[in-house]
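Coordinate analysis (summary)
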Amino acid sequence: MTTPIERIIIRHLSGSKANQIEQLPVGDSREFTIGRDPASKIAFDPVGDSVVSRKHALIRIMGEGDNISFKLSDAGSSNGTFLNGERVNGEVELLPEDTIELGAKGPKFTFDVQPRPANFAARTKVIGVSDTAATRVIKTAEAAASTAVNAAATGASTAAGPNADGGAPKKVGIGHETVQRLIGEERGKANRTVTGAIAAVVAFFVLGGAALYWAQHRELERRDAEDKLAQTETDERLSRIPGDVNLKIGMKPREIYDKFAKATVQVGMMWRLYDKQTGRPIQHKTVDYKGRRYPAYVQLPNNLGVVRWLTLEDDHITNLMVGGGGTGSGFVISEQGYILTNKHVAAGWQVAYGAEGGRDGILYDYIVVASGKKRKAKIKEPKLIDLYDSAYADVFHWIPESGGYIFKTDDPTTALAGNTPDPNSNNKASFVGRNEVLEVKFHGSRLGVNASLVRTSADADAALVKIDSPQTLTKVDMAPNAAVEIGENITVLGYPAVSVENFVLRQTEERGRIRSQLEKITEATVTEGIVSKTASGVKSTEGGTFASDMGDVYQLSVVATGSGNSGGPVFNSSGKVIGLFTYSRNVGDTKATMAVPIKYGAELTQAQRE
């Protein structure tokens with residue numbers, strides 16, 4: 001039976017992601033892109049891994065089942081792709097435990113799969129052949145001894161030959177002792193030869209190692225001298241640059257990341273809405289309509305508009321809880337644990353609820369029941385509506401904290417005394433929002449810290465939260481009075497959900513038992529851009545009253561972020577925070593992002609007016 005491959009395992013050996021492990025689910029994917037493009041399946045740091053091209057290499061899955069294989073190819077990179085030290089030309093086979101290098105001396109990582117099929121083995125490793133010099137020396141010594149014996153025998157035969165005068169041969173023999181002596185002498189020569197050969201080999205390696213060491217030492221000294229010379233030349237050139245030019249260059253995104261990533265936090269939250277009178281949770285009724293379930297809405301009488309069908313009951317467990325949850329970003333502004341984020345992150349009940357539960361809904365007419373009479377309500381035929389239609393803008397922009405009407409669960413009549421819609425009085429029920437969960441995680445940390453809501457801004461999407469920390473925290477510097485110009489460089493930090501996630505396999509021991517656990521690493525993402533446009537809130541001048549459709553915001557060119565980055569710090573080139581990253585808007589395929597000026601966040605830290 002074939003074991004399907006569930007994931008690709010990438011173990012980073014060098015580069016900005018060194019010692020990290022990525023697990024890439026295979027699923028239906030057949031291609032895994034590699035590069036500095038944030039959309040790559042295996043993405044690298046745009047700044048720290050500069051030798052990597054935006055689209056550097058590609059891993060393809062070929063075949064199925066027992067015939068599955070992996071191919072590696074270069075995607076036209078500037079510095080090339082290397083497999084086990086060899087440059088990749090065309091498409092080559094990729095096996096478990098192979099090492100991939102992106103550019104000469106670029107980031108390295110190993111490739112593997114889990115679970116690994118039995119027929120998908122790692123590449124065979126080649127072992128060097130042992131040196132046979134000593135064997136040859138010993139055989140030479142044995143040959144020398146054999147030659148000596150043969151020579152002795154030959155000499156004896158010659159000595160026993162005829163005399164010069166033709167007389168009988170003279171018996172001149174070699175005794176046993178003489179032969180033994182000759183063999184001993186040749187063996188001694190052979191031993192000396194072996195000893196000399198071994199000494200020569202040892203001397204070769206000693207002298208060769210010493211020579212190699214000194215060569216490397218001289219090369220390191222040469223490189224160090226070149227680096228010092230280059231640094232001196234760079235310092236001299238920089239010293240000739242006017243101070244105002246240095247100020248305009250400012251901090252690079254990598255420098256801002258290194259300095260302030262620790263002060264940028266991920267905020268996790270979950271909130272619910274409750275009826276202030278009864279303390280019960282508010283729910284949004286859903287109904288079945290032509291085979292689908294939709295949220296329900298009520299058309300009020302007397303031109304009071306359309307509202308959500310809110311109720312305190314849920315007998316069939318089909319209604320929607322009014323509330324929200326998710327993650328955002330924030331940043332530390334004081335060493336004592338005060339953190340700024342967006343209001344829609346820390347207090348979701350104070351901002352527009354939008355089309356939670358779906359943009360489509362079912363609209364019912366409110367049933368008027370005469371005072372003192374009891375009769376069964378007759379519900380008219382409902383109709384399907386689209387909340388994105390401008391006719392329902394008031395429903396779309398409903399703020400939960402502003403209250404509303406509570407209806408019965410069976411028919412659209414009000415359920416609470418005094419809650420009947422009345423155009424002449426504000427008799428809606430009062431609601432209160434509450435955070436069920438509000439915690440922050442710091443860059444590189446495994447554990448979350450509970451937080452509490454301190455204040456929210458009445459003028460902008462900003463909120464102040466507080467954590468209790470026994471250590472002094474790294475904080476950012478705010479610039480509430482800084483002039484923000486169109487076209488100036490900005491850097492955004494945060495935790496967008498679209499970013500690549502890194503994991504680490506940890507082993508923990510508790511009560512003598514070792515447990516392996518795969519944990520996600522909380523890491524901030526850095527994004528670079530410019531201020532594209534500035535817009536102000538309501539402003540009165542001699543020419544009239546002006547306002548933007550997004551309020552007092554900065555429009556940014558940063559579009560690589562998204563959900564989860566809300567509340568993150570926006571830095572100027574001096575490394576000062578000038579805004580809180582907030583909402584984005586889409587028109588077709590075009591996206592624009594906004595930032596709230598930091599002055600609204602700074603105001604939340606002033607309990608007293610100056």
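Right above here is the structure, for reference.
Our subject in this report is the structure included herewith.

Some details on the overall build of the chain
From N to C terminus, the chain includes seven helices and 35 strands. Across the 610 residues of the chain, 38% fall into the buried class. Sequence-distant contacts, at least 24 apart, represent 64% of the contacts inside the chain between residues at least 6 apart. As displayed, the chain has an accessible area near 35700 Å², and 51% of this comes from carbon and sulfur atoms.

As for the pairing of strand 2 (residues 21-25)
A one-sided burial pattern is seen for strand 2, the buried positions being E22 and L24 and the unburied ones I21, Q23 and P25. Summarising the sheet, strand 1 (residues 7-12) and strand 2 pair through five bridges and their orientation is antiparallel. Paired with R7 across the bridge in strand 2 is P25.

Concerning helix 4 (residues 253-260)
For the α-helix, the turn length of 3.6 residues means that residues three or four positions removed from each other point alike. Considered for burial, the residues of helix 4 that qualify are P253, I256, Y257 and F260. One face of helix 4 carries all of its buried residues, which in axial projection span an arc of 100°. The secondary structure elements touched by the buried residues of helix 4 are strand 12 (264-275), strand 26 (489-494), strand 29 (525-535) and strand 33 (569-572).

Quick look at the packing of aromatic side chains
This model, assessed by the stated rule, comprises 11 aromatic pairs. Between the aromatic rings of W309 and Y364, the centroid separation amounts to 5.4 Å while the plane-to-plane angle is 90°, which identifies the pairing as edge-to-face. Of this pair, W309 sits in the loop between strand 16 (306-308) and strand 17 (310-311) while Y364 sits in strand 21 (residues 360-365), and the two are 55 residues apart along the sequence. When sorted by exposure, W309 lands in the same class as Y364, which is buried. What links up through ring pairs into an aromatic cluster is the set W271, W349, Y353 and W398. The ring of F44 carries the charged tip of K17 above its face, separated from the ring centre by 5.4 Å. Cation over ring: R434 sits above Y274, and NZ or CZ is 4.1 Å from the ring centre.

Here's the deal with the nonpolar core
Across soluble globular proteins, you tend to see nonpolar side chains buried next to one another. Counting residues in each nonpolar core, the largest one holds 48 residues, and the members touching the most others are L273, I282, F331, L340, F431, V440 and V476. Secondary structure elements with two or more residues in this core: helix 4, strand 12, strand 19 (323-332), strand 20 (338-341), helix 5 (343-346), strand 23 (431-442), strand 25 (463-467) and strand 34 (577-587). If one sorts the elements of this core by residue count, strand 12 sits on top with five residues. Aside from chain neighbours lying at most four places away, what touches L273 is P281, I282, V322, W349, W398, P400, F431, V432 and G433. With 26 residues, the next largest nonpolar core counts I10, I34, V52 and L94 among its residues.

Section: the pattern of salt bridges
Scanning the entire structure with this criterion turns up 17 salt bridges. A salt bridge links D37 to R54, with the shortest nitrogen-to-oxygen separation between them at 3.6 Å. Here R54 lies in the loop between strand 4 (42-43) and strand 5 (57-62) and D37 lies in the loop between strand 3 (31-35) and strand 4, a separation of 17 residues in the sequence. Its relative accessible area of 16% is what places D37 among the buried residues. Across the pair R359 and D386 runs a salt bridge whose closest N-O atoms are separated by 2.9 Å.

Remarks on unusual backbone geometry
Residue P115 follows Q114 across a cis peptide bond; omega there is -15°. As for its position among the elements, P115 is in the loop between strand 11 (108-114) and helix 1 (133-159). In the Ramachandran plot, N302 falls in the positive-phi region, its phi being about 60° despite a non-glycine side chain. For N302, the position within the fold is in the loop between strand 15 (292-299) and strand 16. In this structure N302 comes out as exposed when scored by relative accessible area, which is 53%.

Some thoughts on the sheet that holds strand 23
Each strand in a sheet pairs with another by means of backbone hydrogen bonds, the pair being arranged parallel or else antiparallel. Taken in spatial order, the six strands of this closed barrel run 12-19-20-25-24-23, and their pairing is antiparallel. Across the sheet, the mean angle separating the axes of adjacent strands is 40° when strand polarity is ignored. With nine bridges connecting them, strand 12 and strand 19 associate as antiparallel partners. Directly across from M270, in strand 19, lies its bridge partner G325.

Side note on the side chain of K17
Among the structural elements, K17 can be located in the loop between strand 1 and strand 2. Of the polar contacts made by the side chain of K17, one reaches the side chain of E22; its length is 2.6 Å. Among residues more than four places away in sequence, those in contact with K17 are H12, E22, A43, F44 and N502.

A few points about the side chain of N342
Relative to the assigned elements, N342 resides in the loop between strand 20 and helix 5. For N342, a relative accessible area of 0% puts it in the buried group. Polar side-chain contacts of N342 include one of 2.8 Å to the backbone nitrogen of G567. In this view, N342 contacts D461, A462, A463, S566, G567, L580, F581 and T582; residues no more than four positions away in its chain are not counted.

Considering the environment of T593
Checked against the element boundaries, T593 lands in strand 35 (residues 590-597). Given a relative accessible area of 0%, T593 falls into the buried group. C-alpha of T593 to C-alpha of G562: the two residues are 31 residues apart in sequence and 8.6 Å apart in space. Residue contacts for T593: discarding those within four places in its chain leaves Y554, Q555, L556, V558, T561, F581, Y583 and S584. Polar side-chain contacts of T593 include one of 2.6 Å to the backbone oxygen of V558.

Overview of the environment of P107
Looking at the element boundaries, P107 is found in the loop between strand 10 (99-102) and strand 11. Since its relative accessible area comes to 4%, P107 is described here as buried. Taking the C-alpha atoms as reference, P107 lies 8.3 Å from K17; in sequence the two are 90 residues apart. When neighbours within four sequence positions are excluded, P107 is seen to be in contact with S14, G15, F44, D49, V51, V52, I100, E101 and L102.

Rules of the game
Residues numbered from 1 in each chain as written. Predicted model: local features only at pLDDT ≥ 70, side-chain atom pairs only at ≥ 80, totals over all residues. Heavy atoms only, no water. Helix = DSSP H or I, 4+ residues; strand = E, 2+ residues; numbered from the N terminus. Buried < 20%, exposed > 50% of the residue type's maximum accessible area, 1.4 Å probe, protein only. Contact = heavy atoms within 4.5 Å. Areas by Shrake-Rupley, 256 points an atom, 1.4 Å probe, with all protein chains shown as cover. Pairing = 2+ DSSP bridges. Arc of directions from axis to C-beta. Phe/Tyr/Trp six-rings, centres within 6.5 Å; stacked < 30°, edge-to-face > 60°. Lys NZ or Arg CZ within 6 Å of the ring centre and 35° of its normal. Core = buried A, V, L, I, M, F, W, Y, C linked by side-chain atoms within 4.5 Å. Salt bridge = Lys/Arg side-chain N within 4 Å of Asp/Glu carboxyl O. Axes fitted to C-alpha atoms, helices over the stretch in contact; angles between N-to-C directions. Polar contact = N/O pair within 3.5 Å; in protein donor to acceptor, adjacent residues only side chain to side chain.

What is shown is where atoms sit, not what they do.
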